[in-house]
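Observations on the model geometry
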Amino acid sequence: MIATRKLGELTVGAQGLGCMGMSQAYGVRGNDDESIATIHRALDLGVTLLDTANVYGPETNERLVGRAIADRRDQVVLATKFGIVWGEGGAMGARGDAAYVKQSCDASLARLGVDHIDLYYQHRVDPDVPIEETWGALAELVAAGKVRYLGISEASAATIRRANAVHPVTALQSEWSLWTRDIEAEVLPACRELGIGIVPFAPLGRGFLTGAITSTAELPADDMRRRLPRFADGNLDRNLAIVAALRALADEKGVTAGQLALAWVHSRGADVVPIPGTKRRTYLEQNVAAADIELSNEDLIRIEAAAPAEAVAGARYPEELARAAGK
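How each quantity is defined
Residues numbered from 1 in each chain as written. Predicted model: local features only at pLDDT ≥ 70, side-chain atom pairs only at ≥ 80, totals over all residues. Heavy atoms only, no water. Helix = DSSP H or I, 4+ residues; strand = E, 2+ residues; numbered from the N terminus. Buried < 20%, exposed > 50% of the residue type's maximum accessible area, 1.4 Å probe, protein only. Contact = heavy atoms within 4.5 Å. Lys, Arg positive; Asp, Glu negative; His and termini not counted. Charge placed at Lys NZ, Arg CZ, Asp CG, Glu CD. Pairing = 2+ DSSP bridges. Axes fitted to C-alpha atoms, helices over the stretch in contact; angles between N-to-C directions. Polar contact = N/O pair within 3.5 Å; in protein donor to acceptor, adjacent residues only side chain to side chain. Arc of directions from axis to C-beta. Disulfide = S-S within 2.5 Å. 1 Å grid on protein atoms, 1.4 Å probe; cavity = no way out; pocket = protein on both sides within 12 Å on 5 of 7 lines; lining within 4 Å. Points joined across faces, edges and corners; volume = space filled by probe spheres on them. Nonpolar A, V, L, I, M, F, W, Y, C, P; charged D, E, K, R; others polar. Right-handed = clockwise from strand over helix to strand, strands pointing away. Parallel < 35°, antiparallel > 145°, perpendicular 65-115°, else oblique.

As recorded in an unreviewed UniProt entry, the protein goes by the name Aldo/keto reductase, listed as coming from Nocardia amamiensis.

Next up, the structure:
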């Protein structure tokens, strides 16, 4: 069983499970039976934080998670999200008006088959709605007992402070890994000042840091990574050199490159609970094992030398997906 950590006042297993890939994004949709078995195995291993969103599928991932936890609700810290809306050409937008917040919560509760959400995130910040309106509506959901704790995703330090002034923010969910370190300059210090836990998504660089991806030609036609600049020709080879260096260090420790990269995220602090995603029990067990890897100061120095932030080639997102991030 893995240890526990605290996100604000919320106690969770030291590693969570991102469920998005069970229903979308990374190629051919997974097998629901194996996905449910993976969720059950996660709970058996002490992984309590399950992460989904209304937009995953869309909607089908919440239903899948709801089926998986129907007889295990008391073992789960259930997180879901609202706020992403899709525009023309696959452009990512956001919606945060009060009516939409309440409507989204009720719809998620119904799909999940539960009477409350443990951690409800604003998935992206709506640039056209004051954050105070969105968080006022969220605070009403807490008062009504529909939600226990509130989180925010991919937000700026200034926005996090404004949200927290309306109602305490329990967790920030943002991308954080050896090849995405944007939050370290301003967002991370603000969260720590306010006592907000950190939930890194894509802590394995969307699978890239495992070393399993060497060409986009290997990816299914509907895999979102085909659209990401870091996987594009010209950037891919430079990024593969980082993975090769990590693999050499991992071999010395008798672990995989992915486990080493994930252990680095765990080492960032006791307020950090990464949520690597998988739809298979084998990868789940590998990921969970990373929570027990101890890294010395020398290990950390060598890891960061092998994967310096400035060496990563390519932006996180193409323009149509980037517009709603970091508001």
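Right, let's get into the overall build of the protein. Each helix and strand counted, the protein has 11 helices and 11 strands in total. Dimensions of the protein, computed from C-alpha atoms along their principal axes, come out at roughly 55 × 40 × 40 Å. Residue burial in the protein is summarised as follows: out of 327 residues, 58% are buried. Once local pairs closer than 6 in sequence are excluded, the contacts in the protein between residues at least 24 apart make up 76%. Treating the 35 positive side-chain charges of the protein as one cloud and the 43 negative ones as another, the clouds have centres 1 Å apart.

It is worth spelling out the sheet that holds strand 9 (residues 147-153) at this point. With parallel pairing, 7 strands are arranged side by side in an open sheet as 3-4-5-8-9-10-11. The open sheet has two edge strands, strand 3 (17-18) and strand 11 (197-201), and neither has a second partner. Strand contacts of helix 3 (residues 98-112): strand 5 (77-82), strand 8 (117-122) and strand 9, with the helix running at about 140° to strand 8, the strand carrying the most contacts.

Tracing the sequence through the fold places D115 in the loop between helix 3 and strand 8. Remark: the alpha-carbon pair of D115 and P220, spanning 105 residues in sequence, is separated by 37 Å. With sequence-adjacent residues up to four places away left out, D115 is seen in contact with L109, G145 and K146. One polar contact links D115 to H116, side chain to side chain, over a distance of 2.8 Å.

Our next topic: helix 9 (residues 281-290). For helix 9, the complete set of buried residues consists of L284, N287, V288 and A290. Burial along helix 9 is one-sided: seen end-on, the buried residues are contained in an arc of 145°. Summarising the contacts, the buried residues of helix 9 are in contact with strand 3, helix 1 (32-44) and helix 8 (257-266).

What the rule picks out here adds up to 0 disulfides. A disulfide-free cysteine, C19 has its sulfur positioned 18 Å from the sulfur of C105, the nearest such atom. Classification of C19 by relative accessible area gives buried; the value is 0%. By relative accessible area, which is 0% here, C105 ends up buried.

Under the criterion given, the structure shown has 1 cavity of 30 Å³ or more. If you add up the space inside the largest cavity, you get close to 40 Å³. Forming the walls of the largest cavity are E175, W179, T180, R206, L228, R230, F231 and R316. For the lining of the largest cavity, the residue count by class is 3 nonpolar, 1 polar and 4 charged.

As a further point, take the pairing of strand 10 (residues 171-175). If a strand is regular, its side chains alternate between the two faces of the sheet. For strand 10, the buried fraction is high: 5 of the 5 residues fall into the buried class. Here strand 10 shows two buried faces, one formed by A171, Q173 and E175 and the other by L172 and S174. Both strand 9 and strand 10 contribute to a ladder of 3 bridges, which runs parallel. Bridged to S153 within strand 10 is Q173. Running through helix 5 (residues 157-166), the crossover from strand 9 to the neighbouring parallel element strand 10 is right-handed.

With that out of the way, let us pick up the packing of helix 2 (residues 60-69) against helix 3. Where helix 2 contacts helix 3, the axes come no closer than 7 Å and their chain directions differ by 45°. Classified by the interaxial angle, the pair formed by helix 2 and helix 3 is oblique. Contacts between helix 2 and helix 3 involve E62, R63, V65 and G66 on the former and, on the latter, S108, R111 and L112. Residues that form the contact of helix 2 with helix 3 fall into these classes: 2 nonpolar, 2 polar and 3 charged.

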